[in-house]
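# Structural characterization, general
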Amino acid sequence: MSPVHDESSFGSAIVAALCERGWREARPEDYRADLGLDIDELFAFVDETQPDEWSELLTVYGGDSHEARRGFAQRLDRAIADDGLLHVLRNGVKDRGVRFRVAHFKPNLISADSVLDGYRANRLTVVRELPYATKQTDRGRRLDLALFLNGIPVATAELKNPLTGQGVEQAKEQYRTDRDPTEPIFTRRVVANFAVDPDLVFVATRLRGRGTRFLPFNTGSNGPGRPGGAGNPAPTAHGTYATSYLWERVWERDNWLDLLQRFVHQQKHRTPGGGTTRTTVFPRFHQWDVVRELTAHAATHGAGRNYLIMASAGSGKSNTIGWLSHRLSDLHAGTDPAALDPEAVADRRITPGEPVFDKVIVITDRRNLDAQLRETVGSFSQTDGLVVKVDEKHGAKSEQLARALSRDTGKIVTVTLHSFPALLDYIKRNPTEIKGTRFAIVVDEAHSSQSGDAATAVKSALRDLGLDADSDDEGATTLTVDDKLKAKAVARSRAANLSYFAFTATPKAKTLELFGTRDVQDGKAVYRPFHTYSMRQAVEEGFILDPLRNYVTYTTYWKLANLNHDEKEVDPSRANSLLARFALMHEHTVSQHAQVIVEHFVAHTRGRLGGRAKAMVVTASRHSAVRTARAIRSYIADRGYDSAYPDLGVLVAFSGSLTIDGEETTESKENGGLPESALPKAFGYTRADDKAAKAGGKGQREYRILVVAEKYQTGFDQPLLTTMYVNKTLTGIAAVQTLSRLNRTAERKSQADLAVLDFVNEAEDIRDAFRPYFEQAHTLPSDPNLLYTAQSRVMSAPVVSEQDMDAFVAAYFEALEKAGGSQSTWEKLHAELYRLLSPRSPGSPRCWTARRRTTSRRPRSSGPISTTTSASTASSRRSSRTTTPSWSGCTCTDGTCSTACRAARTAGST
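All values derive from a computational prediction rather than experimental measurement. (Residues numbered from 1 in each chain as written. Predicted model: local features only at pLDDT ≥ 70, side-chain atom pairs only at ≥ 80, totals over all residues. Heavy atoms only, no water.)

### A few points about helix H30 (residues 732–739)
Structurally, the α-helix is built with 3.6 residues per turn, so residues lying three or four positions apart point the same way. To keep it simple, the criterion reads: Three labels apply to residues, based on accessible area from a 1.4 Å probe with only protein chains included: buried if under 20% of the type maximum, exposed if over 50%, partly exposed otherwise in between. Numbering goes from the N terminus for both helices and strands, where a helix is a DSSP run of H or I of at least four residues and a strand is a run of E of at least two. The contact rule is simple, with two residues in contact once any of their heavy atoms fall within 4.5 Å.
For H30, the set of buried residues is Ile 733, Ala 735, Val 736, Thr 738 and Leu 739. Buried residues in H30 make contact with helix H20 (535–540), strand S23 (551–553), strand S24 (614–619), strand S29 (721–727), strand S30 (755–758) and helix H31 (763–774).

Below you can see the structure in the form of structure tokens.
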């Protein structure tokens, strides 16, 4: 084999590239394996950056330089063992009352060049063929590469070249079998171990022998932030590799120090015995890349920009939000105005040398994100109160939010979206000075509701603070309906002082247009995500499973199970929706479905994951859910499965109360008194993981089947869920979100464990629903003039009038003001609004038809359109807002409305 193609040449190319980017090559013999340090590099850094401190420590050691070095090295080793490498790198170490820094990181604001003196003094060295072993049995073993920061090893790498018959898999195997995980360099030093070949990169933060888990650290098949699958694009430049990004970008001096400072952190995990363990978290490439791209853009262009991040399930979104929020909370603009967006500087959306955002508001409905956010941020910052949580446990959320926004402390605020409407009312009643003018809004799981009235309330509360916005002081002037409509349109439009960072796996067209980046594709303007980590890449990298690979319709399942080729099908054209509904709800149909579900679960699912696998039954209505759950329980009892399989418990989930067979019932009542809030935990329990049950204890009731109706179909992460029975029509995003409940990975769980049995949908329709979100979604811009088209259609039918719409809009705004931000009050007033507009007689078929025709062809929701049109479109907005509740009690036989009919209609609408 030519030496050009062996591992040594590969390593030489990497070292040469590093030395061009601020690194130096050090000698392997200078490394002290017993101390885990390169002593010469460590004290060269200390001598240059902290001579006074070293002189003081030398005095304490009686002027003996050799003894002082030995003592300090031992103290540093002990501090790293006790507090962890990351803590010592970021906070330094004390020896005999003298504090030393062992690394200098770049400050947020560089006010003068001298501020960087300590940072520039950092000594980044790379060592080849490092003899790392302290044990006699490991003597002679060497690591291909080791990366040092001021004499402290922080990362290792094993290099392989496929041209020698070995690749990245052999590098992983070498770490697992030939590297003793108890060696000090692995237990108390390095935070990352890289397996590298010219095509792929994987990384492990902790070696555990054969149990070592390597995660991919690749850009994606089409490059970072672009749709595609696993891997890396082929190199295009001469003399480079597909993995050159690792040493040219990630290990580049400034980037590597920033990664150690702002990304790598330790997470605490509770053990079953009540203790805690710490796990080092190293970012995956797409996480590191998206945070850097977002913050770099915001630091140049300031507030007033929107960003959409299409992050598939399995992308590690919670950590990404934590890293991004922390970085945004201390992000400063550069001091050179010429390097900033001149338009943003002129509009005061960014100020040289000042923080880009005054506060970061994280909008999420996930309770566990707050704890994770605190932990992630806490590992980087020692500032108490940096993250402020707003929730119902600490009083009225509106008051908490107002208090959080009025303080200089608490740079990161976590809150639910629906806290903002109440905030507006609270501020009216309790004038509150909001600190700061520019806000970063990080939205966890952006969807259509983010563009509705709740998101409008966010803008209304925070928009244009300190930016010379028009005064809202009414004085003695009474606002007309048109004034209010114009104000509503302005409130929905983009705010110059707010930047949205919206994360979602399944962006709708509306979400893309509101938060996406405008681009040109095939000569047409489109909106696409700012950054993408696709479902395809997540599946191919093994972070989620693919439910479509194990999807089967009931028709196919029946034919496979019965091998009945003579089964005749009914002509679909003879069926109708009422017949279909009757069939699905019919007693015999429900019982037959129950039989299929139970028998399939027992035969296919029950034994999987070591007897832990669980199933979800998706139904079309609350009534269907209750009847299905009852039928499943009944079948289990009739067959004696409750005795044979005591773990075969059934739960049902639905909202509110309903009447079945003359009796009122609720979710809790159907589940034997189990509170709604306790259902997820009860469903997640398994006796197989209960130590008390294993020891002979009674344990808890185990539930393996969950029947749902519009609950737990989104945002429900239960890794033990492997099977889904679908008895509901699913389309678009709903199909993707529902079936994706199965895609979470877990110990013992593989692709073969998944099963989807669909009683209702066609395989082709489900596949089409997944297609837009498998790689990257995009949409065409809305045409603002569609509002005028809708207005013409509405007014062309003799059903509504301008007076009707004015009356309705006036009543709408009056109800909105009475609600005062209270969701429950608004719902009651909204219901009353519709009651006043309900039909007073059966109505003319022609009027009903005209009304139905004009209102069913409205353009896609006016949300995104309202962000691009001016406030002068008040009349058209009024039309599009009031078509649905228009009065429909016309009894005219000729299709025209008499004066008396019009008067009656107007009276009804007021």
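### Regarding the sheet that holds strand S14 (residues 306–311)
Just so we agree on the cut-off: The rule for pairing is simple: two strands pair if DSSP sees at least two bridges between them. In this analysis, axes come from line fits to C-alpha atoms, helices being fitted only over the stretch in contact, and the angle between any two N-to-C directions falls in the range 0 to 180 degrees.
Here seven strands make up an open sheet; going across it, the order is S16-S17-S15-S18-S19-S14-S22 and the pairing parallel. Edge positions in the sheet fall to strand S16 (387–389) and strand S22 (531–533), since each of these pairs with one other strand and no more. Sheet twist, expressed as the average angle between the axes of neighbouring strands with direction ignored, equals 15°. Of the pairings in the sheet, the one linking S14 to strand S19 (residues 498–504) comprises five bridges and is parallel in character. Bridge pairing in S19 places Leu 308 opposite Ala 502.

### Side note on the pattern of salt bridges
The criterion, for reference: Each reported salt bridge corresponds to a side-chain nitrogen of Lys or Arg within 4 Å of a carboxyl oxygen of Asp or Glu.
On inspection of all chains with the given rule, the structure shows 45 salt bridges. For Arg 536, the salt bridge identified is with Glu 540, shortest N-O distance 2.9 Å. You can see Arg 536 and its partner Glu 540 sitting in helix H20, four residues apart, about one turn around the helix. Among the residues examined, Glu 540 registers a relative accessible area of 43% and is labelled partly exposed. Taken together, the shared-partner salt bridges in this structure form one network comprising Asp 258, Arg 262, Arg 292, Arg 327 and Asp 330.

### So, the packing of helix H2 (residues 39–49) against helix H4 (residues 65–83)
So the rule is basically this: An angle counts as roughly parallel when it lies under 35 degrees, as roughly antiparallel when it exceeds 145, as roughly perpendicular when it falls between 65 and 115, and as oblique in every other case. The classification used treats Ala, Val, Leu, Ile, Met, Phe, Trp, Tyr, Cys and Pro as nonpolar, Asp, Glu, Lys and Arg as charged, and all other residues, Gly among them, as polar.
Taken N-terminus to C-terminus, the directions of H2 and H4 make an angle of 100°; their axes are 12 Å apart at the nearest point. By the angle between their axes, H2 is roughly perpendicular relative to H4. Between H2 and H4, the contacting residues are Ile 39, Asp 40, Leu 42, Phe 43 and Asp 47 on the first element and Arg 69, Phe 72, Ala 73 and Leu 76 on the second. For the contact of H2 with H4, the per-class residue count stands at six nonpolar, no polar and three charged.

### With respect to unusual backbone geometry
Most peptide bonds are trans, and most residues other than glycine sit at a negative phi. Positive phi, normally seen in glycine, also occurs at Glu 129, with a value near 50°. When you line up the elements, Glu 129 lands in strand S6 (residues 124–131). Take Glu 129: its relative accessible area is 40%, and that puts it in the partly exposed class. Unlike most non-glycine residues, Tyr 712 shows phi in positive territory, near 60°. The residue Tyr 712 is located in the loop between strand S28 (703–708) and S29 in this model. By relative accessible area, Tyr 712 is classed as buried at 16%.

### Regarding the sheet that holds S28
Within the open sheet, the six strands sit side by side as S23-S30-S29-S24-S28-S25. Their pairing is parallel. Each having just a single partner strand, S23 and strand S25 (649–653) make up the two edges of the open sheet. Neighbour-to-neighbour, the strand axes of the sheet open up by a mean angle of 15°, direction not taken into account. For S24 and S29, the ladder comprises six bridges, and the chain directions are parallel. Opposite Ala 615, over in S29, you have Thr 723 as the bridge partner. Together, S24, S25 and S28 form the strand contacts of helix H25 (residues 622–638), whose direction differs from that of S25 by roughly 175°. Sheet strands touched by H30: S23, S24, S29 and S30. Its angle to S29, the strand with the most contacts, is close to 145°.

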